[in-house]
Amino acid sequence: MNNFKLLLKIIERNKFQKIFMIITTVAFTALEVYLFIISIIEGGSDSLIILSITLRMLYFLIIILMFFSYECFSKIHSYKESFFVYKKNITSVYKNELAIFICYISFLTTEAILINVIYIIANAQFSFALLVHTITALLCYYFLCLLTAVFIGLLLSYISRKRKYISYLLMLVFAFSETEMIQISSMNILENSGNDLTKILEFFFIAPDSLRWSPNEVTGLILNINKISQLLFYIVLSVMIFIIINNKSRIGKIWKSVICLFFCACLLSGYFMKISVPKMDLSASSTVNDDLYYIHYKDGRQDPAQDVQREKAADFQVKKYDLNFSTYLNLKAEVRVYVDNQNLSEYNFTLYHKYKVTKVTNQSGIPLRFIQDHDYLTISSDNNEIEYLCMEYYGGSVQYYSSYAGVFLPANFSYYPIPGFHRTFDEYNGFLDNSLPYTATFNVKVHSLKQVYCNLEEKGKNQFSGNANSITILSGFYDTLKINDTSVIYPYFSKSYEPCELKKDLNSFIEHNKNIKKIFIIPYVNLSQYERIRTYDNYLFTISTYKIEQASFESKIDINKKEFYVYVCAYYNPDQDQDYLYRLENDASDEKKELIQKIKVLFDSKYKEVAAKEINDYLIDSNDNRSPLAFLNALGEKYA
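Notes on the structure in this doc start here.

Rules and cut-offs
- Residues numbered from 1 in each chain as written.
- Predicted model: local features only at pLDDT ≥ 70, side-chain atom pairs only at ≥ 80, totals over all residues.
- Heavy atoms only, no water.
- Core = buried A, V, L, I, M, F, W, Y, C linked by side-chain atoms within 4.5 Å.
- Buried < 20%, exposed > 50% of the residue type's maximum accessible area, 1.4 Å probe, protein only.
- Helix = DSSP H or I, 4+ residues; strand = E, 2+ residues; numbered from the N terminus.
- Contact = heavy atoms within 4.5 Å.
- Phe/Tyr/Trp six-rings, centres within 6.5 Å; stacked < 30°, edge-to-face > 60°.
- Lys NZ or Arg CZ within 6 Å of the ring centre and 35° of its normal.
- Axes fitted to C-alpha atoms, helices over the stretch in contact; angles between N-to-C directions.
- Parallel < 35°, antiparallel > 145°, perpendicular 65-115°, else oblique.
- Left-handed = near helix turned anticlockwise from the far one by under 90°.
- Pairing = 2+ DSSP bridges.

### Observations concerning the nonpolar core
Okay, step 1: If you look at the biggest cluster of nonpolar residues, it comprises 71 residues, and the most contacted ones within it are Leu55, Ile62, Tyr142 and Leu146.
Okay, step 2: For this core, the elements supplying multiple residues, two or more each, are helix H2 (15-41), helix H3 (47-56), helix H4 (58-74), helix H6 (90-122), helix H7 (128-159), helix H8 (164-177), helix H11 (225-246) and helix H12 (250-272).
Okay, step 3: It is H7 that provides the largest number of residues to this core, a total of 18 residues.
Okay, step 4: Filtering out sequence-adjacent residues up to four positions away, Ile62 remains in contact with Cys145, Leu146, Ala149, Ile206 and Ala207.

Okay, here's the thing in structure tokens:
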């Protein structure tokens, strides 16, 4: 009897397997169709959201298939009579049982692909890029995750053939890993010890990390190389154990096992490899890592009293930057910094601490000594006259990412060397703006798999040049919309940013801000309120176009005047909630109460509007270093 007939016989004899597959298929098909219909009735959601909902079923399917495959593979030895009747050895039966599961998983994956493709078409959101991304995500995650669950079931059936409780305990570990408890645990460990053990703790977590949040609309559902390496590791490990136990040829067993062991080592390395992709969750590897680094830790030791940030002005200015970036796994940079003061003994720069500097030379290629301490890079000139400094560094961030998944490197992030030492992070406001206080020439080249966008003028494929005091680099599933003379770079996967809606939201703002030449709609990746919108000389980036006029003004406010702005807003509108005003005054210090009283006097006078105009100018003037109280005293005298 051939393998196909044996396959049919196995299915025919195993009623439990038939019933399980039918019930599982009907249940999950019904759920998918129900979600499909609800989404259409409610007016349609982004196709990426439907893709995410489909993949969330993996949490349940993984555990079910892991347990069921374990039971099926464990029971194979109970069907010994079938081996004799059909004259097949046990290895053939294992292979045929595995073939049944692969066919079943292929059927579930095909069904999921069809439902998602139909939804994309019905939702009037069809694009070739979205179609390819959806199919790729379902093949790499839906199919691969379920296949991994089956192979883990096969692996467990070998590990504890006589002691089943061990397998059940291991399956409980896998089930527990699918919850958020692992993320919370990793964060607690980081808070208490400073050690990030996320990768180790999530080793038994099979579903994709990004399913815990809606897909990033500018990168889609990220195909994380770490996750794919982990899934393939379990499959290869299971195959290796299968070979060791069932291969009768000693020589064949050895060389096949060595090959599998080699692949296991490579895949395990791939799982632990650091890659700069956005991660929006509660684990220690997410943006909480930056919070704890700046607020609580110094060199991994808890020391809240020790601030790792400094402020020291540079003794030089940068005339020109030549920036050459590669964004495949992380940001790899080769940078030339042309300076105006060529005879300093030291040159100080601010550069995010996870970018590790590997080499610094002068214009002649002579290596220079350097010290990288947290976010601060000190380069010794070694008595050489410096025309320009050449630096090479490598690294990444989970919030401001740069890899094959996409690039999000905004101007408020020190991903290229900023002259001087500056504070880079605030507990409440996130990463602070460290753009140059003057204009420099930028030449930027980005090696990326995707189209890259920048606030500078494009000179070639992913090449940009121009004079500016900052640069923002963005790539992903973006397109460009022209409104008058302003280019809007928006994520075309999202229905929230359809061209007609964007024109409606932005027409008025663009009409009143003709200096803004580019608007970047950026992803929301655990950004603080201060980081969600920033306005520069001729461009801005924002997470939303809702009330963009007001948001744009607020983004210009000096960070040290934010609290003052809260009081101004509260008392400018006399119809404000009285309970809110009472709480505001009750919680204020004596100095703040005096501030409030002066604001109330000004806004109760006939000079309310003209005073408000001067307050607005003061709020966005970063060069006006007067305290709010000193400013109000001067304003009060002016309009007394």
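Anyway, onward from the coordinates.
### Digging into the packing of aromatic side chains
Okay, step 1: A full pass over the atoms with the stated rule returns 51 aromatic pairs.
Okay, step 2: Judged by centre distance (5.3 Å) and plane angle (75°), the rings of Tyr400 and Phe408 are edge-to-face.
Okay, step 3: The class for Tyr400 is buried, based on a relative accessible area of 0%.
Okay, step 4: By relative accessible area, which is 1% here, Phe408 ends up buried.
Okay, step 5: Consider the rings of Tyr416 and Phe442, whose centres lie 5.8 Å apart with planes at 80°: the pair is edge-to-face. Separated by 26 residues along the polypeptide, Tyr416 in the loop between strand E11 (406-409) and strand E12 (418-419) and Phe442 in strand E15 (residues 440-447) bring together distant segments of the chain. Here the two residues Tyr416 and Phe442 agree in accessibility, since each one is buried.
Okay, step 6: Taken together, the ring pairs connect Tyr293, Tyr294, Tyr352, Tyr355, Tyr393, Tyr400, Tyr401, Phe408, Phe413, Phe425 and Phe431 into an aromatic cluster.
Okay, step 7: Sitting over the face of the ring of Tyr338, Lys320 holds its NZ or CZ atom 4.4 Å from the ring centroid.
Okay, step 8: Residue placement shows Lys450 over the ring face of Phe477; its charged tip is 4.3 Å from the ring centre.

### Describing the packing of helix H16 (residues 562-572) against helix H19 (residues 608-620)
Okay, step 1: Close contact between H16 and H19 brings their axes to 11 Å; oriented N to C, the two are set at 160°. By the criterion of interaxial angle, the relationship of H16 to H19 is roughly antiparallel. At the point where H16 passes H19, the crossing takes the left-handed sense. Of the residues in H19, those touching H16 at Phe564, Tyr565, Val568 and Tyr572 are Lys608, Glu609, Ala612, Ile615, Tyr618 and Leu619.

### Side note on the sheet that holds strand E19 (residues 473-475)
Okay, step 1: An order of E10-E11-E19-E16 is seen for the four strands of this open sheet, with the pairing classed as antiparallel. Looking at the sheet topology across the chains shown, the edges are occupied by strand E10 (402-403) and strand E16 (452-454).
Okay, step 2: Here three bridges tie E11 to E19, and the two strands are oriented antiparallel to one another. Counterpart to Phe408 in the pairing with E19 is Leu474.

### Observations concerning the pairing of strand E18 (residues 463-468)
Side-chain direction in a regular strand flips from residue to residue, so the side chains alternate between the two faces of the sheet.
Okay, step 1: Relative to E18, E15 runs antiparallel, the two sharing six bridges. Across the sheet, the residue bridging to Asn443 is Ser465, located in E18.
Okay, step 2: Looking at chain direction, strand E17 (residues 457-460) and E18 are connected through three bridges and run antiparallel. By the bridge assignment for E18, Gly460 is matched with Gln463.
Okay, step 3: In this structure, the hairpin formed by E17 and E18 is closed by a connection of two residues, where Asn462 is found at a positive phi of approximately 55°.

### Some remarks on the sheet that holds strand E22 (residues 518-521)
Okay, step 1: Taken in spatial order, the five strands of this open sheet run E20-E21-E22-E24-E23, and their pairing is mixed. The open sheet has two edge strands with one neighbour each: strand E20 (478-483) and strand E23 (533-535). Across the sheet, the mean angle separating the axes of adjacent strands is 15° when strand polarity is ignored.
Okay, step 2: With three bridges connecting them, strand E21 (residues 486-491) and E22 associate as parallel partners. Along E22, the bridge assignment pairs Ser487 with Lys518.
Okay, step 3: The strands that helix H14 (residues 499-512) touches are E20, E21, E22 and strand E24 (539-542); relative to E20, the one it contacts most, it runs at about 50°.
Okay, step 4: Running over the sheet, helix H15 (residues 548-555) touches E23 and E24 and is turned about 70° from E23.

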